[in-house]
Amino acid sequence: MLRTNCTKFSSKVSLLVGKIFIERKTLPVKVSIVLGEKVKDIFDPLKLKKKDEFNCGEIINGKKALMYDRTKGEASTEFQNLMLKKITREKGKKGSNLVTEEKFSIIFSTELNWENIEFQLCIQSMPIVVVSHDSQKIQGMATITWDNAVEESFVDTESLSWGQVMIFSHIYCLQYI
């Protein structure tokens, strides 16, 4: 859960395509936030758009170079002090709990050019909710918890089977033991 102009967060991103692709170059990684309903469009090959076209907010400190570390044998970058400065919400939706029910995803993206072929690489986060006030946190956590119990993220589900509830409850409780 994020709160605009308030919550600082960090993340580490690793690229697992092998050192041959990036051993001699650095790749710029960009952090953006995308409305949950549009996350699938980013990964749809028929919708060949730039990842920036899906962005619906501004994240401070959201650009960094992915570099290869020979000693660790990994290509990674660690983002420190990321902060969501502003968010643009969907217009035209009705509902009193819109803010706490609207899901987003943090997207980490880069472009890799290999032998004159350009690849757009990106990965999404788990669903998050963006709140503007502390009073919305409990409802926002309920939205995230419910979404994590469903088999597929960013799919609105009205009900769960008892099996899904039991499995999720078991997994969730194991985190706190």
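The present account deals with the structure reproduced in this document. (Residues numbered from 1 in each chain as written. Predicted model: local features only at pLDDT ≥ 70, side-chain atom pairs only at ≥ 80, totals over all residues. Heavy atoms only, no water.)

## As for the overall build of the chain
When helices and strands are tallied, the chain shows five helices and nine strands. Reading the helices (α) and strands (β) of the chain from amino to carboxyl end gives β-β-α-β-α-β-β-β-α-β-β-β-α-α. Expressed as a percentage of the 177 residues in the chain, the buried residues total 34%. Total accessible area computed for the chain in this model is approximately 11,600 Å², and 54% of it derives from carbon and sulfur atoms. (Helix = DSSP H or I, 4+ residues; strand = E, 2+ residues; numbered from the N terminus. Buried < 20%, exposed > 50% of the residue type's maximum accessible area, 1.4 Å probe, protein only. Areas by Shrake-Rupley, 256 points an atom, 1.4 Å probe, with all protein chains shown as cover.)

## A short note on the nonpolar core
If you look at the biggest cluster of nonpolar residues, it comprises 24 residues, and the most contacted ones within it are Ile 33, Phe 104 and Ile 106. The residues touching Phe 104, leaving out its near neighbours within four places in the chain, are Ile 33, Val 34, Leu 35, Gly 36, Cys 56, Ile 87, Arg 89, Met 126, Pro 127, Ile 128, Val 130 and Phe 154. Counting seven residues, the second largest nonpolar core, distinct from the first, contains Val 39, Ile 42, Ile 107 and Phe 154. (Core = buried A, V, L, I, M, F, W, Y, C linked by side-chain atoms within 4.5 Å. Contact = heavy atoms within 4.5 Å.)

## As for the packing of aromatic side chains
Counted according to the given criterion, the structure contains one aromatic pair. Taking 5.9 Å as the distance between ring centres and 40° as the angle between the ring planes, the aromatic pair formed by Phe 79 and Phe 108 counts as tilted. Note that Phe 79 is positioned in strand β6 (residues 74-87) and Phe 108 in strand β7 (residues 103-114), a separation of 29 residues in sequence. The class of Phe 79 is buried, set by a relative accessible area of 1%. (Phe/Tyr/Trp six-rings, centres within 6.5 Å; stacked < 30°, edge-to-face > 60°.)

## Quick word on the pairing of β7
When a strand is regular, its side chains alternate between the sheet's two faces. Among the 12 residues that make up β7, nine are buried, leaving the element largely enclosed by the rest of the structure. Where strand β3 (residues 27-35) and β7 come together, six bridges link them in antiparallel fashion. Following the sheet pairing, Ile 33 is matched in β7 by Ile 106. Two strands pair when backbone bridges link them, and β7 and strand β9 (residues 128-131) are joined in this way by two bridges, in the antiparallel orientation. In the sheet register, Phe 104 faces β9, and the bridge partner there is Ile 128. Here eight bridges tie β7 to strand β8 (residues 117-124), and the two strands are oriented antiparallel to one another. Note on β8: the bridge partner recorded for Trp 114 is Ile 117. (Pairing = 2+ DSSP bridges.)

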